[in-house]
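For reference, the chains in residue letters:
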Amino acid sequence: SLDPAKLADFEAIVSHMCVSLYKLGHDAIHRWDDKQLTVANVLWNANKNLSTDWTIPLGDFVQEVWHSDVKKTSTIRSAVCKFAKFMNERGVELKIKVHDREGVHRIDCKLS
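Residues numbered from 1 in each chain as written. Predicted model: local features only at pLDDT ≥ 70, side-chain atom pairs only at ≥ 80, totals over all residues. Heavy atoms only, no water.

Enquirer: When you look at the environment of K71 in this model, what are you seeing that I'm missing?
Expert: Its location among the elements puts K71 in the loop between α3 (58-66) and α4 (73-89). Taking the C-alpha atoms as reference, K71 lies 9.2 Å from G59; in sequence the two are 12 residues apart. If near-sequence neighbours (up to four positions away) are discounted, K71 is found in contact with V62, W66 and I76. (Helix = DSSP H or I, 4+ residues; strand = E, 2+ residues; numbered from the N terminus. Contact = heavy atoms within 4.5 Å.)

Here it is in structure tokens:
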């Protein structure tokens, strides 16, 4: 067992490393696109069952990301495509399709 002073030093170092890594990742994503953290959070939170295929209603997604009821489909597609590209470049194969036509308003996500 470590002596209490050494253990406290170790915990402080690990804590500092975790905060530094979080800040590095947070800053990198925000430099890339400030909406991506919100897009990621909304998409992952919609996958409560941790499945490889999931759907989120388009209106719910727009409300969560932009805090409004209306957003251009091109803006939505751009945001989710940037996120999918970001994930794919890091080895996570994620496909996202935005459906916005009469009777079909949803986002389909698929991990492969």
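There's more to say after this.
Enquirer: What am I meant to see in α4 here?
Expert: Between its first and last C-alpha, α4 extends 24 Å over 17 residues, near the 24 Å set by a 1.5 Å rise per residue. Those residues of α4 that fall on the buried side of the exposure criterion are T73, I76, A79, V80, F83, A84, F86 and M87. All buried residues of α4 fall inside an arc of 170° around its axis, so they share one side. Looking at the residues trailing α4, positive phi occurs at G91, about 90°. (Expected span 1.5 Å × (residues − 1). Buried < 20%, exposed > 50% of the residue type's maximum accessible area, 1.4 Å probe, protein only. Arc of directions from axis to C-beta.)

Enquirer: How should the sheet that holds strand β1 (residues 53-57) be read in this particular structure?
Expert: Strand pairing in a sheet takes place through backbone hydrogen bonds and is either antiparallel or parallel in direction. Pairing within the open sheet is antiparallel, and its three strands lie in the order β1-β3-β2. Edge strands, defined here as strands with exactly one partner in the open sheet, are β1 and β2 (94-101). For this sheet, the mean inter-axis angle between neighbouring strands, taken without regard to orientation, is 15°. Pairing geometry for β2 and strand β3 (residues 104-111), over eight bridges, is antiparallel. Looking at the pairing, V98 lines up with I107 of β3. The sheet contacts of α4 involve β2 and β3, and relative to β2 the element is tilted by about 170°. (Pairing = 2+ DSSP bridges. Axes fitted to C-alpha atoms, helices over the stretch in contact; angles between N-to-C directions.)

Enquirer: Explanation requested: the state of the cysteines in the structure shown.
Expert: Cysteine pairs can be linked by a disulfide, which is a covalent bond between their two sulfur atoms. Evaluation of the coordinates by the stated rule reveals zero disulfides. The closest cysteine sulfur to the non-disulfide-bonded C81 is located on C109, 11 Å from its own sulfur. With relative accessibility at 44%, the residue C81 sits in the partly exposed group. (Disulfide = S-S within 2.5 Å.)

Enquirer: Sorry if this is basic, but what is going on with the packing of helix α2 (residues 36-45) against α3 here?
Expert: Each packed pair of helices is defined by two parameters, the angle between the axes and the distance between the axes. The geometry of α2 relative to α3 is characterised by a closest axis approach of 9 Å and an angle of 140° between their N-to-C directions. Classified by the interaxial angle, the pair formed by α2 and α3 is oblique. With respect to the hand of their crossing, α2 and α3 are arranged in right-handed fashion. In this structure, α2 uses T38, V39, V42 and L43 to contact α3, whose residues at the interface are F61, E64 and V65. Classifying every residue of the contact of α2 with α3 by side-chain character gives five nonpolar, one polar and one charged. (Parallel < 35°, antiparallel > 145°, perpendicular 65-115°, else oblique. Left-handed = near helix turned anticlockwise from the far one by under 90°. Nonpolar A, V, L, I, M, F, W, Y, C, P; charged D, E, K, R; others polar.)

Enquirer: Hey, could you run me through the pattern of salt bridges in this one?
Expert: Side chains that differ in sign of charge can pair as their charged atoms come close. Tallied over the entire structure, the rule returns four salt bridges. A salt bridge links K110 to D53; the nearest nitrogen and oxygen atoms lie 3.4 Å apart. Taken as a pair, K110 in strand β3 and D53 in strand β1 lie far apart in primary sequence, 57 residues in all. Judged by its relative accessible area of 37%, K110 falls in the partly exposed class. The salt bridge partner of E89 is K85, with a shortest N-O separation of 4.0 Å. Of this pair, E89 and K85 both sit in helix α4, separated by four residues, roughly a single helical turn. Residue E89 is classed as exposed on the basis of its relative accessible area, which comes to 52%. (Salt bridge = Lys/Arg side-chain N within 4 Å of Asp/Glu carboxyl O.)

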